[in-house]
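# Examining the three-dimensional arrangement
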Amino acid sequence: MLENLSKTYNPKDFEDRIYKYWKDNGYFKAEVNEEKKPYTIMMPPPNVTGNLHMGHALNNTIQDILIRWKRMEGYEALWQPGTDHASISTEAKVVEKIKKEGKSKEQLGREGFLKEAWEWTRKYGGNINNQLMKLGVSCDWDRERFTLDEGLSKAVEEVFIRLYEKGLIYRGDRIINWCPSCRTAISDAEVEHEDTEGHLWYIRYPIKGESGHIVIATTRPETMLGDLAIAVNPEDERYRGFIGKTAILPLMNREIPIIADEYVEMEFGTGAVKITPSHDPNDFEVGERHGLGQCVIMNGDGTINENGGIYNGLDRYEARRRIVEDLKEQGYLVEVKKHNHSVGHCERCKTTVEPLISKQWFVKMEPLAKPALDVYKEGKLRFIPDRFGKIYTHWLENIKDWCISRQLWWGHRLPVYYCEDCGEVMVARKKPEKCTKCSSTNIYQDPDTLDTWFSSALWPFSTLGWPEDTKELKYFFPTDVLVTGYDIIFFWVVRMVFSSLEQMGEVPFKDVFITGLVRDSLGRKMSKSLGNGIDPLDIIDEYGADALRFTLVTGNTPGNDMRFYMERVEANRNFANKLWNATRFVLMNLDEKIALDKIEKSMLEEEDKWIISRINTVIREVTNALGRYEIGIAAQKIYDFIWDEYCDWYIEMVKPRLYGENRESKETAQKVLLRVLENILKLLHPFMPFITEEIWQHLPERKKPLIVSDWPKFNEENEDQDAEKKMSFIMSAIKGIRNARQEMNVAPSRKANLIFVTREEDIKDIIEYGRRYFINLASADNITIQDNKESLGENNLSVVLDRCEIFIPLKDIIDIDKEIERLEKEKEKLEGELKRVKGKLSNEGFVSKAPREVVEKEKEKLEKYENMMEKVLQRLNSLKNS
RNA sequence: GGGCGAUUAACUCAAUGGUAGAGUGUCAUCUUGACGUGGUGAAAGUUACAGGUUCGAGUCCUGUAUCGCCCACCA
């Protein structure tokens, strides 16, 4: 056993091996099992051709912690993995690839392109999974799904048809966001607004048949090519006379009416606004109200089309430049002002999006949003932290119809067919033989595909077999918790909720755990363009997955961003090393032939009872914290226990017994060391699965692997207040002695006598009991206990405790002035405490209103501090007088 | 224009209304038979500011300041 454990922790030696062991033995698998309660998490599917980044690492670590914990608690724990086809992003990558080969989408044709895309997917699709495995994720790989799988595609089709039949999907001409670079429509959620310093151009439009003119202001002068009106506010005195007249569109020489509409803000610009119904959502509405019609002036690639007259064929920005120039030349440009406004960009490629009228497919959101809002209000859906619930509701309350058609090829093609002859629209599972209206056989399928999020919205149930009525669906759905970043609440969380409610009649998950962003050490977002991204795999390679995992879940709170510091990873690697070596110590001191049966209670020493009582408490604390999703707190508790209590105190205390002659005491210590270690490994396993499993496999009498061992339970019988009290006295005595000695620069090698002065019998017992601790941990060579200190001279260090004073005679070393200084410091500290406690206790309100135990505690403290203060003062007095 | 978050030790962050903690860094010290990826000890805080509620506030309320994020069709 021991011989296999190297002197230092070296995660590379075992992480891959352990993972393979778990996987090959099927410990990640979840099956429908009516004897057990299910616990389900759906992994947010990463992009199929993506790479693992810190966000994934954080996210999946949290999920893995929860799933491992629940698995150990005895749940049938399903963690459903899979990948997303990420239409727009993957398609862009494939386009780029074939472009390098000198080919274009059009040249390849739809089929040829899809072939390329599938090849690409097969080539890079496995990467992210392998990377996740490095992290230690314990998801059920046998159930892996891909959004373009046959089953999931069927679910997508089914939902589309159902929504269509219900009238919740419609096709229409609407202003959508058009990305001229991706050459597709995108949804509102895919547009990022950014405040940009632009200009406001003031342009003069002449009035037909008059000498007058009207000045408008615009931020996008090129859109004037498509102007169909000028609008003013009906209340605006300045323009009252213009309403109903006709203006001449400069450069185009087109006649456009001047209309009145409430929408126009009188205070902004000149109070008159040009109306371009085809290229602005507001103008579109105005156009609808006034029956202005449409005039599209732009092509899909962002160039001006034939409606743009002489500007035909120019890129939109070149057209803008030329138009401004021409306006100026022809005397129409009144002035140009700097103007900050927000400009929409494509979330994927950052190109400025163009609002554009286009025939697209939409999901009618209002009827779907309502139930999604209701479940939140009814408490059936919970956010952790709950403030994100507000973001969720705010979005749903202001939701607009969802544009779901994309002019892309990589994705789920719309199950929509058109009759070439009569234009009839048919939504069907299979291509209709002939037109349902005119019986023509001239039928073609809509070339568009669906927004990727349309399929991810179904993830919680499509992965379980829906629309088939599978046993998995019945058992594992609804899921328990969704773990995801706040950046995709709108894209994904919201859409999963309303989709589930609509199709399943239930929420897809009860809790939504929201994570923050992992930033670099300067607080910047990690990004490719900045080149400041830290690759999780590099960290795993250097420090191990356990250290990375621990770093990601400690020291931050749900929903808050965190900074990634290498020093913290290192510290956590050191923690793993600490545990590794503690284990080596335990195994090194474990007699081969020791019978590891039950521990004989009567043989337990105080420190045994203390550590047993403490681990028991930690079991409760860690379990409770996990139950509240306080993962960082849970991790911190177990960390502190291992390092401070188990390693620094218990192991040190137990050493004399291990090296001693008393066989029974020795064996008891060995057993306790081992049993506590076992519990430690269990509690730590969800956080650091590799090292704990590796160590576990080296412990004696292993039957089950740790990953499927039972989660420890709090046991009231193990609580021992008395032992905790005694050990706490002993520990504070040791700390006091160490402190005093070090302050006086007494070398640890210099052993000294300790003279304990106390009249209290119980304290005397504890001291007597603690003899060996003082000798080993407080550099003592002899210990005396006496009732009074009269016989002692002044050349002592004195350590003041509650109801006890310790004297350390060090004749040659004591510098009286320094000792006085040290005690003065002690006095100051006590004064502070006394002031606080006295203040509280003399406060009538506190004594009468605070809970009894709080008051009692304060009273005890008062007594203790007064007692200590008296001794410090006496000591100071006698030193000063000597 | 709305909404949200943050402000705590030198740095990065924790902290169920009840004595403000950790990691890193700093200083001192220890080559003790698990670990120097370690041990021991120390220094370091008016919890951004101003009010309020409460017996008691880092924590709850109101306001201010600074920073950050999200949402929003003002051309």
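As a starting point, this report considers the structure included with it. Predicted model, so just to flag it, every value in this text is computed and none were measured.

### Focus on the packing of aromatic side chains
- Under the defined criterion, the tally for this structure stands at 41 aromatic pairs.
- Taking 6.2 Å as the distance between ring centres and 75° as the angle between the ring planes, the aromatic pair formed by W402 and F498 counts as edge-to-face. One end of the pair, W402, is in strand β16 (residues 402–403); the other, F498, is in helix α13 (residues 489–504), and 96 residues separate them in sequence.
- Assessed through its relative accessible area of 5%, W402 is described here as buried.
- F498 sits in the buried class, given a relative accessible area of 4%.
- One aromatic cluster is present, formed by F160, Y164, W361, W402, F454 and F498 through successive ring pairs.
- Lying over the aromatic face of W69, K70 brings its terminal NZ or CZ to 4.3 Å of the ring centre.

### Looking at the sheet that holds strand β13 (residues 333–346)
- Reading across the sheet, the 3 strands line up as β8-β7-β13 and stay open at both edges, with antiparallel pairing between neighbours. In this open sheet, the two edge strands, each paired with only one partner strand, are β8 (213–218) and β13. Looking at each pair of strands side by side, their axes are set apart by 20° on average, direction ignored.
- Looking at chain direction, strand β7 (residues 191–206) and β13 are connected through 13 bridges and run antiparallel. Residue pairing across strands places H193 opposite G344, the latter belonging to β13.

### Observations concerning the environment of N442
- Examined against the element boundaries, N442 turns out to sit in the loop between β19 (425–427) and β20 (443–445).
- Distance from N442 to R238, taken between C-alpha atoms, is 58 Å for residues 204 residues apart in sequence.

### Quick look at the packing of helix α17 (residues 606–627) against helix α21 (residues 721–743)
- At a minimum axis separation of 8 Å, α17 and α21 run at an interaxial angle of 110°. One element, α17, and the other, α21, form an angle in the roughly perpendicular class. The element α17 and its partner α21 pack so that their crossing is left-handed. Packed against α17, whose contacting residues are E606, E607, K609, W610, S613, R614 and T617, the element α21 presents D722, A723, E724, K726, M727 and M731 at the interface.
- Looking at side-chain class alone, the contact of α17 with α21 contains 4 nonpolar, 2 polar and 7 charged residues.

### So, the side chain of H339
- Within the secondary structure layout, H339 lies in strand β13.
- On the accessibility criterion, H339 (18% relative accessible area) is buried.

### Here we look at the pattern of salt bridges
- One pass over the full model with this rule turns up 76 salt bridges.
- Its salt-bridge partner being K274, residue D227 comes within 2.9 Å of it at the nearest N-O pair. Taken together, the residues D227 in the loop between β8 and β9 (229–232) and K274 in strand β12 (residues 272–275) connect sequence positions 47 residues apart. The two residues D227 and K274 agree in class, both being buried.
- With a closest N to O distance of 3.1 Å, D451 and R406 form a salt bridge. Taken as a pair, D451 in the loop between β21 (449–450) and α10 (452–456) and R406 in strand β17 (residues 405–406) lie far apart in primary sequence, 45 residues in all.
- Look at D451 and you get buried, because its relative accessible area is 2%.

Conventions adopted
- Residues numbered from 1 in each chain as written.
- Chains lettered and ligands numbered in written order.
- Predicted model: local features only at pLDDT ≥ 70, side-chain atom pairs only at ≥ 80, totals over all residues.
- Heavy atoms only, no water.
- Phe/Tyr/Trp six-rings, centres within 6.5 Å; stacked < 30°, edge-to-face > 60°.
- Helix = DSSP H or I, 4+ residues; strand = E, 2+ residues; numbered from the N terminus.
- Buried < 20%, exposed > 50% of the residue type's maximum accessible area, 1.4 Å probe, protein only.
- Lys NZ or Arg CZ within 6 Å of the ring centre and 35° of its normal.
- Pairing = 2+ DSSP bridges.
- Axes fitted to C-alpha atoms, helices over the stretch in contact; angles between N-to-C directions.
- Parallel < 35°, antiparallel > 145°, perpendicular 65-115°, else oblique.
- Left-handed = near helix turned anticlockwise from the far one by under 90°.
- Contact = heavy atoms within 4.5 Å.
- Nonpolar A, V, L, I, M, F, W, Y, C, P; charged D, E, K, R; others polar.
- Salt bridge = Lys/Arg side-chain N within 4 Å of Asp/Glu carboxyl O.

Without other data, these values stay purely geometric and don't point to any function.
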